[in-house]
Amino acid sequence: MDTLAALARVFAYLSFLTIGGGMAAYPEMKVQVVQVHRWLTNPQLVHIYSTGQMSPGPNMMMVAQIGQIVSGFPGAVVCALAFFVPTGILTFGIGRLWKKLEHWPWRVSIQKGLAPVAIGLAIGGLITFGRTSLTGWLTLVIGFATFAAVARTKINPVFFILGAGVIGVFALR
Amino acid sequence: MLRRSVKKPSVLAIFLTFLEIGAISFGGGVVAYLREYLVRKKKWFDDVEFLEITSISNTLPGLNATNIAILGGDRLAGWAGASAAMLGMCLPAFIFMVLAGIVYSQSSARPLATAALRGVAAAATGLLAATWFKIGKRSLHGFYDAFFVLAAVLGINYFKWGVPITLLAVGALAIFTYRPQPAEAKPAHEEDEWIHSLH
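Residues numbered from 1 in each chain as written. Chains lettered and ligands numbered in written order. Predicted model: local features only at pLDDT ≥ 70, side-chain atom pairs only at ≥ 80, totals over all residues. Heavy atoms only, no water.

1. Side note on the overall build of chain A
Okay, step 1: Counting secondary structure elements, chain A contains 7 helices and 0 strands.
Okay, step 2: When the elements of chain A are put in sequence order from the N terminus, they spell out α-α-α-α-α-α-α.
Okay, step 3: Reported as C-alpha extents along the three principal axes, the dimensions of chain A are approximately 55 × 45 × 25 Å.
Okay, step 4: Here chain A holds 173 residues, and 57% of them are scored as buried.
Okay, step 5: Relative to all contacts within chain A whose residues are 6 or more apart in sequence, the contacts with residues 24 or more apart total 53%.
Okay, step 6: Carbon and sulfur atoms form 69% of the exposed surface of chain A, whose accessible area is close to 7,200 Å². (Helix = DSSP H or I, 4+ residues; strand = E, 2+ residues; numbered from the N terminus. Buried < 20%, exposed > 50% of the residue type's maximum accessible area, 1.4 Å probe, protein only. Contact = heavy atoms within 4.5 Å. Areas by Shrake-Rupley, 256 points an atom, 1.4 Å probe, with all protein chains shown as cover.)

2. With respect to the environment of Cys90 of chain B
All names here are of chain B.
Okay, step 1: Of note, Cys90 is situated in helix H4 (residues 64–105).
Okay, step 2: For Cys90, a relative accessible area of 9% gives the class buried.
Okay, step 3: In this structure the C-alpha to C-alpha distance between Cys90 and Thr66, which are 24 residues apart in sequence, comes to 7.7 Å.

3. With respect to the nonpolar core
Okay, step 1: Ranked by size, the top nonpolar core spans 72 residues in total, and within it Phe11, Met23, Met29, Tyr49, Met61, Met62 and Phe84 of chain A carry the most contacts.
Okay, step 2: Residues Phe18, Leu38, Ile68 and Leu76 of chain B belong to the second largest nonpolar core, which totals 24 residues. (Core = buried A, V, L, I, M, F, W, Y, C linked by side-chain atoms within 4.5 Å.)

4. Considering the layout of surface pockets
Residues and elements named next belong to chain B.
Okay, step 1: Size it by volume and the largest pocket reaches roughly 1,500 Å³.
Okay, step 2: Together, 49 residues line the largest pocket, and Gly28, Gly29, Val30, Thr131 and Ile135 are the ones closest to its centre.
Okay, step 3: The element contributing the most residues to the lining of the largest pocket is helix H5 (residues 110–139), with 8 residues.
Okay, step 4: For the lining of the largest pocket, the per-class residue count stands at 26 nonpolar, 19 polar and 4 charged. (1 Å grid on protein atoms, 1.4 Å probe; cavity = no way out; pocket = protein on both sides within 12 Å on 5 of 7 lines; lining within 4 Å. Points joined across faces, edges and corners; volume = space filled by probe spheres on them. Nonpolar A, V, L, I, M, F, W, Y, C, P; charged D, E, K, R; others polar.)

5. Side note on a nonpolar patch on the surface
Okay, step 1: On the surface, Leu150, Leu154, Tyr158, Phe159, Trp161 and Ile165 of chain B cluster together into a nonpolar patch covering about 650 Å² of accessible area.
Okay, step 2: Along the chain, the position of Ile165 of chain B falls in helix H7 (residues 163–177). (Patch = residues over 30% accessible without salt bridge, like charges linked within 9 Å, V, L, I, M, F, W, Y side chains within 5 Å. Salt bridge = Lys/Arg side-chain N within 4 Å of Asp/Glu carboxyl O.)

6. Overview of unusual backbone geometry
Okay, step 1: With a phi angle near 50°, Arg38 of chain A is a residue other than glycine that sits in the positive phi range.
Okay, step 2: Within the element layout of this structure, Arg38 of chain A appears in the loop between helix H2 (26–36) and helix H3 (42–51).
Okay, step 3: Although it is not a glycine, Lys43 of chain B sits at a positive phi angle of roughly 55°.
Okay, step 4: Along the chain, the position of Lys43 of chain B falls in the loop between helix H2 (30–41) and helix H3 (47–59).

7. Comments concerning the pattern of salt bridges
Okay, step 1: For the structure shown, the criterion picks out 5 salt bridges over all chains.
Okay, step 2: Its salt-bridge partner being Asp74 of chain B, residue Arg96 of chain A comes within 2.7 Å of it at the nearest N-O pair. In this pair, Arg96 of chain A sits in helix H4 (residues 62–101) while Asp74 of chain B sits in helix H4, so the two residues belong to two different chains.
Okay, step 3: For Asp74 of chain B, a relative accessible area of 13% gives the class buried.
Okay, step 4: Across the pair Glu36 of chain B and Arg40 of chain B runs a salt bridge whose closest N-O atoms are separated by 3.4 Å. Here Glu36 of chain B and its partner Arg40 of chain B are both found in helix H2, 4 residues apart, which amounts to about one turn of the helix.

8. Points about the packing of H4 of chain A against H4 of chain B
The axes of two packed helices give the description: the angle between them and the distance between them.
Okay, step 1: Closest axis-to-axis distance for the H4 of chain A/H4 of chain B pair is 10 Å, and the angle between their directions is 165°. When the axis of H4 of chain A is compared with that of H4 of chain B, the two are roughly antiparallel. Taken as a pair, H4 of chain A and H4 of chain B cross one another with a handedness that is right-handed.
Okay, step 2: Of the residues that constitute the contact of H4 of chain A with H4 of chain B, the class distribution is 21 nonpolar, 10 polar and 2 charged. (Axes fitted to C-alpha atoms, helices over the stretch in contact; angles between N-to-C directions. Parallel < 35°, antiparallel > 145°, perpendicular 65-115°, else oblique. Left-handed = near helix turned anticlockwise from the far one by under 90°.)

9. Things to note about the packing of aromatic side chains
Okay, step 1: For the coordinates displayed, the defined rule picks out 13 aromatic pairs over all chains.
Okay, step 2: Summarising the aromatic geometry, the rings of Phe73 of chain A and Phe94 of chain B are spaced 6.0 Å apart at their centres and angled 70° between planes, so their arrangement reads as edge-to-face. Placement of the pair is Phe73 of chain A in helix H4 and Phe94 of chain B in helix H4, with the two residues belonging to separate chains.
Okay, step 3: Accessibility expressed as a relative area gives 46% for Phe73 of chain A, which makes it partly exposed.
Okay, step 4: Clustering of aromatic rings is evident, with ring pairs tying together Phe143, Tyr144, Phe147, Phe148 and Tyr178 of chain B.
Okay, step 5: Looking at Lys41 of chain B, its charged tip hangs above the ring of Tyr37 of chain B, at a distance of 4.3 Å from the centre.
Okay, step 6: Above the plane of the ring of Phe176 of chain B lies Arg179 of chain B, whose end atom (NZ or CZ) is 4.3 Å from the centre. (Phe/Tyr/Trp six-rings, centres within 6.5 Å; stacked < 30°, edge-to-face > 60°. Lys NZ or Arg CZ within 6 Å of the ring centre and 35° of its normal.)

10. Description of the interface of chain A and chain B
Okay, step 1: Every contact between the two is made by 97 residues of chain A and, on the other side, 88 residues of chain B.
Okay, step 2: When chain A packs against chain B, the two sides together hide about 8,000 Å² of surface, and 75% of this comes from carbon and sulfur.
Okay, step 3: Put simply, chain A and chain B have 1 salt bridge between them.
Okay, step 4: At the surface where chain A touches chain B, the tally comes to 13 residue pairs in polar contact (both at pLDDT 80 or more).
Okay, step 5: For the side of chain A that touches chain B, the secondary structure elements donating two or more residues are helix H1 (2–15), H2, H3, H4, helix H5 (105–133), helix H6 (137–152) and helix H7 (157–171) of chain A.
Okay, step 6: By residue number, the principal contributor to the side of chain A that touches chain B is H5 of chain A, which donates 27 residues.
Okay, step 7: Residues that form the side of chain A that touches chain B fall into these classes: 55 nonpolar, 34 polar and 8 charged. (Buried area = accessible area lost by both parts, 1.4 Å probe. Polar contact = N/O pair within 3.5 Å; in protein donor to acceptor, adjacent residues only side chain to side chain.)

The values are spatial; any link to function lies outside them.
Structure follows, in C-alpha cells:
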C-alpha cells in the first residue's frame, strides 16, 4: 500500500513537469525513481524509458512498466492513472477556458516563453540520459547513426530502434 | 470552418478512432498520425482548428498525444468524448507496457533483454536527439530563445538546480521577457508563424 501511494505521488508530481514532452521531466524522474525511492537502478530506468520509444501511442506510458516492475499490475494501473489523469483534467479545464483566454495578452507571452525553455529542458534531459545510454564506442555509433538517419530520412524510426535491439543481443552482452 | 462535417461522431466512434491511432502510431510523431486521421480521414476538424488544438497542447503540461485527444474529444462530444479519446489513445500503449514489464521482471529473460535494451537505449537517444533537433530548428528564433535554451541546459546539467526550479526560474524569466507590449504592431501574425513553426 505504501509503495502504491508513493508511486501515485511521484508520478503525479512528475507529470506536471512534462512541459513540451516527457524528456523535460527525465532528470527529476531519475532523482525520484533511482535515488530517492530506489525502485530501479540508473541503467534499468534508461532501458525502460527507451522501450517507450518502441511503443505506439504516448511514449511516456512506459511509467506503467515501471509500476508493473515495482508493484505488479496494481502498480501499473496506479502509475498510468497518476501520470495521465491529473494533467488530463487540467488540459480539459484550460481547453474549456480557451475562448476566454484567447485574447488574454499573457497567453502569447507564455507560449513564446515556454517554447525555448521546453527545448532547453529536453536537451538537459537528453544529456542526463545519454550519459547512461551512450557508453562505449558501439552505443555511440548506434546513437549517432540513428540521429543522422532520423534527421535526414523519412523512414519510420521504429525500424532503427528494433535493429539496434538486434545488434544489442549479439554485440552488447 | 469550411470542411467541418455537420454530423458529430458518437462517443463509440471517437473511442474506436483514437484506439486505432493509439495502436498503430509506432515510431513517435503521434501528432502526424492524429492529423492524418482527424483532419484527412474523418474530417472531424479542419487544419485551422487542429493547429489551434496542437498549440494549446504544447503549452500545457502533459503529452501532446493525450492533450490533443482530450481537447479534440471535448470539442467533438464534451467530457464523454474527451474521456473516450484519452482512453482509446492510452489503452494499447498501456497493454504493451504491462506486457513489457512482465517480460522484464522474468529473471530468465534478463541478460538477453538487457543486451537488447542497451542497443535500443542507444538508438532511442539518437531518435530523441533528432526529434528535438528538428523542433529546435523550426521554432527557435533570435538571441533570447538561444539564451533561454542555454540557461535551461546549464540549470539542469551544470548548476544542478533540478527540473522544478529550473522550469520555474528560467520559465518565469522567459515569459517576462516576452511580456505583452502595449504598442505591438502585428502580434496575431507572429503568433501564426509560431504555431506553424511547430509543424
